[in-house]
Amino acid sequence: MGQETSHLIDPDTPPETLSDRSLRAVAKFIKDGGAKKIVVLTGAGISTAAGIPDFRSPKTGLYHNLSRFDLPHPEAVFEIDFFRSNPAPFYLLAKELYPGNFSPTISHVFIALLAKKGLLRMLFTQNIDCLERAAGVPPDKIVEAHGSFATQRCIDCRTEFPDDLMREHVKRGEPPHCIREGCNGLVKPDIVFFGEQLPERFFHNISVPALADLVLVMGTSLLVHPFAGLPRSAREGVPRVLFNLERVGDLGTRPDDVLCLGSCDSGVRKLADELGWRDELEAMWRGIVGDKEAERQLSKAEKEESIKDELEEIVEDMEDKLAMSSGTEEREPDANVGQQDEGTAEDGGLRGAGVPTDVSSSADATKLVDDGVEVPSEAVHRLGEGVPAQEKQEEREKETPDNTTNLTYEPLKPTTEGPVTAETDLKTDEKGKGEKPAL
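None of the values given here were measured: they were computed from a predicted structure.

Parameters and conventions
Residues numbered from 1 in each chain as written. Predicted model: local features only at pLDDT ≥ 70, side-chain atom pairs only at ≥ 80, totals over all residues. Heavy atoms only, no water. Helix = DSSP H or I, 4+ residues; strand = E, 2+ residues; numbered from the N terminus. Contact = heavy atoms within 4.5 Å. Buried < 20%, exposed > 50% of the residue type's maximum accessible area, 1.4 Å probe, protein only. Pairing = 2+ DSSP bridges. Salt bridge = Lys/Arg side-chain N within 4 Å of Asp/Glu carboxyl O. Axes fitted to C-alpha atoms, helices over the stretch in contact; angles between N-to-C directions. Parallel < 35°, antiparallel > 145°, perpendicular 65-115°, else oblique. Left-handed = near helix turned anticlockwise from the far one by under 90°. Phe/Tyr/Trp six-rings, centres within 6.5 Å; stacked < 30°, edge-to-face > 60°. Lys NZ or Arg CZ within 6 Å of the ring centre and 35° of its normal. Arc of directions from axis to C-beta. Core = buried A, V, L, I, M, F, W, Y, C linked by side-chain atoms within 4.5 Å.

(A) A look at the overall build of the chain. Within the chain one finds 15 helices and 8 strands. Sequence separation of at least 24 residues holds for 70% of the intrachain contacts in the chain that already meet a minimum separation of 6.

(B) Layout of the pairing of strand β5 (residues 187-191). Of all the 5 residues making up β5, 5 are buried; the element is thus mostly covered by neighbouring parts of the structure. One ladder, built from 4 bridges, connects strand β4 (residues 147-154) with β5; its direction is antiparallel. Counterpart to Arg153 in the pairing with β5 is Lys188.

(C) Focus on the pattern of salt bridges. Enumeration according to the criterion identifies 20 salt bridges in this entry. Glu160 is paired through a salt bridge with Arg153; the nearest N and O atoms lie 3.8 Å apart. Salt-bridge contacts for Arg278 lead to Glu282; the nearest nitrogen and oxygen are separated by 2.8 Å. Here Glu282 and Arg278 lie together in helix α10 (residues 278-289), a separation of 4 residues that amounts to about one turn. Accessibility expressed as a relative area gives 26% for Arg278, which makes it partly exposed.

(D) Highlighting the sheet that holds strand β6 (residues 214-218). In space, the 6 strands of this open sheet follow the order β3-β2-β1-β6-β7-β8, with parallel pairing throughout. In the strand order of this sheet, the two ends are held by β3 (142-144) and β8 (257-261), each with one partner. Each neighbouring strand pair of the sheet contributes to a mean axis angle of 15°, computed without reference to strand direction. Looking at chain direction, β6 and strand β7 (residues 240-244) are connected through 4 bridges and run parallel.

(E) Inspection of the packing of helix α1 (residues 23-31) against helix α9 (residues 264-275) at higher detail. Following both chains from N to C, one finds α1 and α9 inclined at 50°, their axes separated by 8 Å at the closest point. Between α1 and α9, the angle falls in the class oblique. The way α1 lies across α9 gives a crossing that is right-handed. Packed against α1, whose contacting residues are Leu23, Arg24, Val26, Ala27, Ile30 and Lys31, the element α9 presents Gly267, Lys270, Leu271, Glu274 and Leu275 at the interface.

(F) How the structure looks around the environment of Val217. Among the structural elements, Val217 can be located in strand β6. In this structure Val217 comes out as buried when scored by relative accessible area, which is 0%. For the pair formed by Val217 and Leu41, sequence separation is 176 residues and the distance between their alpha carbons is 4.8 Å. Beyond its immediate chain neighbours, meaning those up to four positions away, Val217 contacts Leu41, Leu222, Pro231, Val241, Leu242 and Phe243.

(G) Representation of the packing of aromatic side chains in the model. Here the structure, examined in full by the defined rule, presents 11 aromatic pairs. Where Phe78 meets Phe90, the ring centres are 6.4 Å apart and the plane angle is 75°; that geometry is what we call edge-to-face. Of this pair, Phe78 sits in the loop between α2 (62-65) and α3 (80-85) while Phe90 sits in helix α4 (residues 88-97), placing them 12 residues apart in sequence. An identical accessibility class is assigned to Phe78 and Phe90; each is buried. Here the aromatic rings of Phe83 and Phe193 are separated by 5.7 Å at their centres, their planes lie at 85°, and the arrangement is edge-to-face. In this pair, Phe83 is assigned in helix α3 and Phe193 in the loop between β5 and α8 (200-204), connecting sequence segments 110 residues apart. The same class applies to Phe83 as to Phe193, namely buried. Cation over ring: Lys117 sits above Trp277, and NZ or CZ is 4.8 Å from the ring centre. Stacked on the ring of Phe193, the Lys or Arg Lys188 has its end atom at 4.5 Å from the ring centre.

(H) Seen up close, unusual backbone geometry. Cis peptide bonds are those with omega within 30 degrees of zero, and the linkage from His225 to Pro226 qualifies with 10°. Mapped onto the fold, Pro226 is located in the loop between β6 and β7. In the Ramachandran plot, Cys130 falls in the positive-phi region, its phi being about 65° despite a non-glycine side chain. In this structure, Cys130 sits in the loop between β2 (120-125) and α6 (131-135).

(I) Here's a closer look at helix α7 (residues 163-172). Of the residues making up α7, those classed as buried are Met166, His169 and Val170. Down the axis of α7, the sector holding all buried residues measures 100°, keeping them to one side. Turning to α7, the residues buried within the fold contact α4, β4 and β5. Of the residues one or two after α7, Gly173 is the one with positive phi, at around 75°.

(J) Focus on the nonpolar core. Counting residues in hydrophobic clusters, the biggest one holds 41 residues, and the most contacted among them are Val40, Phe110, Leu114, Leu214 and Leu216. Top element by residues in this core is helix α5 (residues 106-116). It accounts for 7 residues. In this structure Leu216 touches Ile38, Val39, Val40, Leu41, Phe110, Leu114, Val241 and Phe243, once residues within four positions along its chain are discounted. Core analysis: the second largest hydrophobic core is formed by 29 residues, Ala50, Phe102, Ile128 and Phe149 among them.

(K) Inspection of the environment of Ala112 at higher detail. If you trace the backbone, Ala112 turns up in helix α5. Separated by 26 residues in the primary sequence, Ala112 and Pro138 place their C-alpha atoms 7.8 Å from one another. When neighbours within four sequence positions are excluded, Ala112 is seen to be in contact with Ala135, Gly136, Val137 and Met284.

Below, the structure is given as structure tokens:
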């Protein structure tokens, strides 16, 4: 299932609640007492700086490291039936990901700071890494939509298994068995596997976002339902802020949506600056992770930002050359066409490069992004693939005219269920089953 299509709000449409669509306005809203029941929704992007390995990178991804187990397919490691017959691959994975191997990011600590100040109503996370707990977010304020490593039990009789024994088994990479006499069933962490229901706690709290006065969405592709429907349940007029590499879901379609595109940590620091909390946040974070880990995370972020800047310069140079070339070729036959190309060039010089006219949604999104961070355009993705934009567009039109490809930051396959709508996303009886956990 791909991203749901949605129409961006007209940039000229004024906000209903905020003074303007910016982090400064969001900070003022918080400082003025407008936000006392903040709901935060997080995905794998919030943990990237912690150094947690991704799943699909060649040679270094966790799925690659599982290849020696001859899995029928990589995702089998999260299938309950496969686990029953062969739990060894999962426990190799658990050894890599178990709590204690990684430290919280400043984004995790920001959520803990919201809780400390009495502003956090609830955190919904797709992650299983327990870094929210390590950052100091109270457990009663956390809904782990796909479970976590925090607890474990027998998959047969459901008897809980002691934490210290579990830690020892994970350290050795050995599957533990039930401690109940006569059972001997396999034990696994309370992580949602394919074929299992989401935790009851998720459905008990699914209506909480509708009570929020501010919603923060951080580091998630919003592809997996029913979690993906949570932002939609926020009431009209309630500000929604997105900290993510790209626009997702229906964020950006309401007057009080604020898009802060980039790394979660960078966006959180900007908001903390506007709130006047930056020094407190940094000190709290370093107090939890230590100076050495803090410097490691900062160094990694600086390198990634440097690479991003270099890529953007290359893309801009290529776009300029394509715009100049197409402008020369297309302006001669028809003066009206020339005027259209010239006008588009002011917005990025894309139409003359063979980019379809439907990129206007991306151009509009750029105007909605706070701090001047542009939404990656379709042209950028095509140029990055090394295929001329016009040829790529023609191929795409032949195959699937309306098909779009989106990046996701969770190792979760989208469900085959339909998107959660305003009418369906609050139904607690639709207990989505078997989502693979996100990191």
